[in-house]
Amino acid sequence: MNPTTKPTSEEVAVAKWIKSNVLCKKTKFLSHSVEYFTASKAVDKLLTSPWSSPGKKGEEPLFSTRESIVQYLDLLLRKKFFHRARKIPVSEQELKARSKKKEKKKEKDDSGKKEKSDGEEEKKGDDGESSHAEEKKDKGKKEKRKIRLDMHLEQIFVDGNDAYVWIYDPIPYYYWLAGGGVVLAVVALCLFPLWPPVVRKGVYYLSIGAAGFLMFIFGLAILRVLVFCLLWLISLGRHHLWIFPNLTEDVGFFASFWPLWKYECRDKESSTKKNKRNGDKKKSFDEASDGKVEDNGEEGTQLENIQ
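Just so we're clear, the structure is a prediction, and the values are computed from it rather than from any experiment.

Quick look at the nonpolar core now. Ranked by size, the top nonpolar core spans 24 residues in total, and within it Ile18, Phe37, Leu46, Leu73, Phe82 and Phe157 carry the most contacts. Secondary structure elements with two or more residues in this core: α1 (9-21), α2 (39-47), α3 (66-78) and β5 (163-166). It is α3 that contributes the most residues to this core, six residues altogether. When residues no more than four places from it in sequence are discounted, the contact partners of Phe37 are Val22, Leu23, Cys24, Ala42, Phe82, Phe157, Asp162, Ala163, Tyr164 and Trp166. In terms of nonpolar packing, the next biggest core, distinct from the first, is built from seven residues, Val34, Tyr36, Ala163 and Val165 among them.

If you want it as structure tokens, here you go:
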């Protein structure tokens, strides 16, 4: 596992091809998020790769049989492109323990929040019933086995269903482009005194415009609060007027300035009257329901007497 020679360009190219063409899955391995692939799938893909076909000059292909591919991948393993991992099936007890931990965390988070309304509780009950039905449907299907990965003691490449975790992680080309752009931007800012006068004036006016726009937004936010507070104090809490109500909301740029205003009139007397009317309606409904129950009871006694 400690080779003296560095990987060749051909080996790096094969490793890149495997990582981009063979199906990789993500999981956590020793508290790290990693990608792994299955050995048999990698061998199957390499049998149809460009290295399995003869060269232009009639050269022999690099991979002719599965055994040659296994030997080559074993060499890549020894050069630390990936390492072998052991699949361990997760027991039901571990899954239950994890679910209990998650429930405890949710309970702690929910304890600091406000109590939800009765309508939301009814929605929760409906969701619980649907999930229970889905569980019953899934019982007829084949259940997927959950596994976790652990380090394998025998670090060799075997053509089978073993998992191999990637160590080789090439840096994408756009990372290099972004890094080069940042370096060039910093150098350009450092050379600002050497810029042409026309460009320096343009940047100066742009910076003044950006600063003025920010000051305008801050002033508008303060003005809308002052207008709301003044009108609220004068009307004793009856009239609510917001200028640009979406200015501080999490919306798009143009949506922040529309609508222009939002006005509400809250009359205390009308609200009390509505509450009284609702209370009277509830009382009349309860009385009507009580009468129906009594009538049903009388009909039941009559039927019993007839029998």
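More follows now that the structure is in view.
Glancing now at the packing of α2 against α3. Packed helices, taken two at a time, are described by the angle their axes make and the gap between the axes. Interhelical geometry of α2 versus α3 gives an angle of 115° and a closest axis separation of 10 Å. In this structure, α2 crosses over α3, and the sense of that crossing is right-handed. Counted together, Ser40, Val43, Asp44, Leu46 and Leu47 of α2 and Arg66, Ile69, Val70 and Leu73 of α3 form the full contact between these two elements.

For the rest of this paragraph, the subject is the environment of Trp166. For Trp166, the location among the structural elements is in strand β5. Judged by its relative accessible area of 8%, Trp166 is buried. Distance in space between the C-alpha atoms of Trp166 and Leu77 is 9.6 Å, their sequence separation being 89 residues. Apart from the residues within four sequence positions on either side, Trp166 is in contact with Ala15, Ile18, Lys19, Cys24, Glu35, Phe37, Phe81 and Phe82.

Together, Lys96, Lys100, Lys101, Lys102, Lys104, Lys105, Lys106 and Lys146 make up a positively charged patch on the protein surface. Turning to its location among the elements, Lys100 is positioned in helix α4 (residues 92-111).

Here the focus is the side chain of Arg224. With respect to the helices and strands, the residue Arg224 is situated in helix α7 (residues 197-234). Within the structure, Arg224 has its side chain in polar contact with the backbone oxygen of Ile243 (distance 2.9 Å). Not counting residues within four places of it along the chain, the set of residues in contact with Arg224 comprises Trp242, Ile243, Phe244, Pro245, Leu247 and Thr248.

It is worth spelling out the packing of α1 against α3 at this point. Direction vectors running N to C along α1 and α3 enclose 100°, while the axes themselves pass 11 Å from each other. For the element pair α1 / α3, the angle class is roughly perpendicular. Listed contacts from α3 to Glu10, Glu11, Val14 and Ile18 of α1 are Tyr72, Leu73, Leu75 and Leu76. Of the residues that constitute the contact of α1 with α3, the class distribution is six nonpolar, no polar and two charged.

With that settled, consider unusual backbone geometry. With an omega of 0°, the peptide bond between Trp258 and Pro259 qualifies as cis. Residue placement: Pro259 occurs in the loop between β6 (239-243) and β7 (261-265). Backbone geometry places Phe244, a non-glycine residue, at a positive phi of 50°. Mapping Phe244 onto the fold places it in the loop between β6 and β7.

Before going further, it helps to examine the confidence of the model for the chain. Mean pLDDT for the chain: 77, with 70% of residues reaching 70 or above. Overall, residues 116-141 carries pLDDT values under 50, and its contacts beyond four positions in sequence, including any with other chains, amount to two contacts. Contacts of residues 291-307 to residues separated by more than four positions or lying in other chains number zero contacts, the stretch itself having pLDDT below 50.

Right, let's get into the packing of aromatic side chains. Taken as a whole and assessed by the stated rule, the structure comprises 19 aromatic pairs. With centroids separated by 5.3 Å and ring planes inclined at 90°, the aromatic side chains of Phe37 and Phe82 adopt a geometry described as edge-to-face. Of this pair, Phe37 sits in strand β2 (residues 32-38) while Phe82 is found in strand β3 (residues 82-89), placing the two residues 45 residues apart along the sequence. Here Phe37 and Phe82 have matching classes, each one buried. Summarising the aromatic geometry, the rings of Phe63 and Tyr72 are spaced 5.2 Å apart at their centres and angled 75° between planes, so their arrangement reads as edge-to-face. Considered together, Phe63 and Tyr72 belong to a single accessibility category, that of buried residues.

Moving on: α1. In a regular helix each residue adds 1.5 Å, so 13 residues correspond to 18 Å; α1 covers 18 Å between its end C-alpha atoms and thus fits that length. For α1, the full list of buried residues reads Glu11, Val14, Ala15, Trp17 and Ile18. An end-on view of α1 places all buried positions within 160° of arc, on one side of the element. Exposed residues pointing more than 90 degrees away from the buried face of α1 are listed as Ser9 and Ser20.

How each quantity is defined
- Residues numbered from 1 in each chain as written.
- Predicted model: local features only at pLDDT ≥ 70, side-chain atom pairs only at ≥ 80, totals over all residues.
- Heavy atoms only, no water.
- Core = buried A, V, L, I, M, F, W, Y, C linked by side-chain atoms within 4.5 Å.
- Buried < 20%, exposed > 50% of the residue type's maximum accessible area, 1.4 Å probe, protein only.
- Helix = DSSP H or I, 4+ residues; strand = E, 2+ residues; numbered from the N terminus.
- Contact = heavy atoms within 4.5 Å.
- Axes fitted to C-alpha atoms, helices over the stretch in contact; angles between N-to-C directions.
- Left-handed = near helix turned anticlockwise from the far one by under 90°.
- Patch = residues over 30% accessible without salt bridge, like charges linked within 9 Å, V, L, I, M, F, W, Y side chains within 5 Å.
- Areas by Shrake-Rupley, 256 points an atom, 1.4 Å probe, with all protein chains shown as cover.
- Salt bridge = Lys/Arg side-chain N within 4 Å of Asp/Glu carboxyl O.
- Lys, Arg positive; Asp, Glu negative; His and termini not counted.
- Charge placed at Lys NZ, Arg CZ, Asp CG, Glu CD.
- Polar contact = N/O pair within 3.5 Å; in protein donor to acceptor, adjacent residues only side chain to side chain.
- Parallel < 35°, antiparallel > 145°, perpendicular 65-115°, else oblique.
- Nonpolar A, V, L, I, M, F, W, Y, C, P; charged D, E, K, R; others polar.
- pLDDT = per-residue confidence, 0-100.
- Phe/Tyr/Trp six-rings, centres within 6.5 Å; stacked < 30°, edge-to-face > 60°.
- Expected span 1.5 Å × (residues − 1).
- Arc of directions from axis to C-beta.

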